[in-house]
Amino acid sequence: MKTEVLMVKDKENEKVTIECVAVTSEIQEILLYVQSKGREITGMLDGSYTQLMLSEIFYFEALDEHVFAYTKDKVYAIKNRLYEIEERYQEIYFLRISKSVVVNIRKIQTITPALNARYMANLKNGEQLIISRQYVKHLKEKLLGGQKNEV
C-alpha cells in the first residue's frame, strides 16, 4: 500500500483520503483509527478537570446517577450521560455491553463464554466485564465487521 502526505496551509483543510479497490476490514480499521485520534473528553479526578484522550479510555460505567471513565489505572468522573457517550462515540470503537457499561472494543484482549448466554470481556488492563446477553449479537457483528460467523 502506497502512502502520500500533502501539506496544506490551513488546519481547516486537513483531511485523510483513502483510495482503495474495496472497503475491507483493514481499510475500515484504518478509517476508525484516524477518526478516533485526537478526540478528547473532560473528566474530573481529585477535584481537577483533565482532558482524556478517548484512545486511553477502557470503558465508561454508570453508577448511582454518575458516569465514570476508566483508564489503565485511574477513574475519572464524567459529566455526560452514558447514552450520550454511546451515541457520540459508537462509530469509533465504543459499544454498549450492558445497561451500565460502554466499552472501548480496542481495549478488549479476549472474550470468553460465561453463564446464561452471556460473555466475559477480558480487558488489556486485567479487568473483566460481563457482556449482557442482549448486547452479545451487536458486539459479535461489530467485532466481525458484519460477518455472520459465530464467535
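Refer to the structure printed above.
A brief report on the enclosed structure follows. All figures in this text were calculated on a predicted structure; none of them were measured in a lab. (Residues numbered from 1 in each chain as written. Predicted model: local features only at pLDDT ≥ 70, side-chain atom pairs only at ≥ 80, totals over all residues. Heavy atoms only, no water.)

1. Notes on the side chain of Asn122
Stage number 1. In this fold, Asn122 is placed in strand E9 (residues 119-123).
Stage number 2. Taking the relative accessible area as the measure of exposure, Asn122 reaches 13% and is therefore buried.
Stage number 3. Looking at Asn122, its side chain comes within polar contact range of the side chain of Gln128, at 2.8 Å.
Stage number 4. Discounting residues that sit within four places of it in the chain, Asn122 has contacts with Ile108, Gln109, Thr110, Ile111, Thr112, Glu127 and Gln128. (Helix = DSSP H or I, 4+ residues; strand = E, 2+ residues; numbered from the N terminus. Buried < 20%, exposed > 50% of the residue type's maximum accessible area, 1.4 Å probe, protein only. Polar contact = N/O pair within 3.5 Å; in protein donor to acceptor, adjacent residues only side chain to side chain. Contact = heavy atoms within 4.5 Å.)

2. Some thoughts on the sheet that holds strand E6 (residues 94-98)
Stage number 1. Across the sheet, which stays open at both edges, the seven strands sit in the order E2-E1-E5-E4-E3-E7-E6 with antiparallel pairing between neighbours. Because the sheet does not close on itself, it has two edges, and the strands there are strand E2 (48-53) and E6. Taking the axes of each pair of neighbouring strands and ignoring which way they run, one obtains an average angle of 35° across the sheet.
Stage number 2. The pairing of strand E3 (residues 59-63) with strand E4 (residues 66-70) spans five bridges and is classified as antiparallel. The residue bridging Tyr59 from the neighbouring strand is Tyr70, located in E4. (Pairing = 2+ DSSP bridges. Axes fitted to C-alpha atoms, helices over the stretch in contact; angles between N-to-C directions.)

3. Points about the pairing of strand E1 (residues 40-45)
Stage number 1. Looking at chain direction, E1 and E2 are connected through six bridges and run antiparallel. Looking across to E2, one finds that Ile41 is bridged to Leu52.
Stage number 2. Between E1 and the antiparallel strand that follows it, E2, lie two residues; Asp46 among them carries a positive phi value of about 55°.
Stage number 3. With two bridges connecting them, E1 and strand E5 (residues 75-78) associate as antiparallel partners. Looking at the pairing, Gly43 lines up with Ile78 of E5.

4. Side note on the environment of Val102
Stage number 1. Counting through the fold element by element, Val102 comes out in strand E7 (residues 101-104).
Stage number 2. When the C-alpha positions of Val102 and Ile85 are compared, they lie 7.9 Å apart, and in sequence the two are 17 residues distant.

5. Observations concerning the layout of surface pockets
Stage number 1. Roughly 840 Å³ of volume is contained in the largest pocket.
Stage number 2. Together, 19 residues line the largest pocket, and Glu4, Val5, Val16, Thr17 and Ile18 are the ones closest to its centre.
Stage number 3. In terms of residue class, the lining of the largest pocket is made up of 10 nonpolar, three polar and six charged. (1 Å grid on protein atoms, 1.4 Å probe; cavity = no way out; pocket = protein on both sides within 12 Å on 5 of 7 lines; lining within 4 Å. Points joined across faces, edges and corners; volume = space filled by probe spheres on them. Nonpolar A, V, L, I, M, F, W, Y, C, P; charged D, E, K, R; others polar.)

6. Notes on the pattern of salt bridges
Stage number 1. Scanning the entire structure with this criterion turns up two salt bridges.
Stage number 2. Residue Glu65 is joined to Arg81 by a salt bridge in which the shortest nitrogen-to-oxygen separation is 3.9 Å. Within this pair, whereas Glu65 is found in the loop between E3 and E4, its partner Arg81 is found in the loop between E5 and helix H2 (82-89), the two being separated by 16 residues in sequence.
Stage number 3. Among the residues examined, Arg81 registers a relative accessible area of 42% and is labelled partly exposed.
Stage number 4. A salt bridge links Arg96 to Glu86; the nearest nitrogen and oxygen atoms lie 3.0 Å apart. Of this pair, Arg96 sits in strand E6 while Glu86 sits in helix H2, and the two are 10 residues apart along the sequence.
Stage number 5. Arg96 gets classed as buried once you look at its relative accessible area, which sits at 11%.
Stage number 6. Residue Glu86 is classed as partly exposed on the basis of its relative accessible area of 23%. (Salt bridge = Lys/Arg side-chain N within 4 Å of Asp/Glu carboxyl O.)

The values are spatial; any link to function lies outside them.
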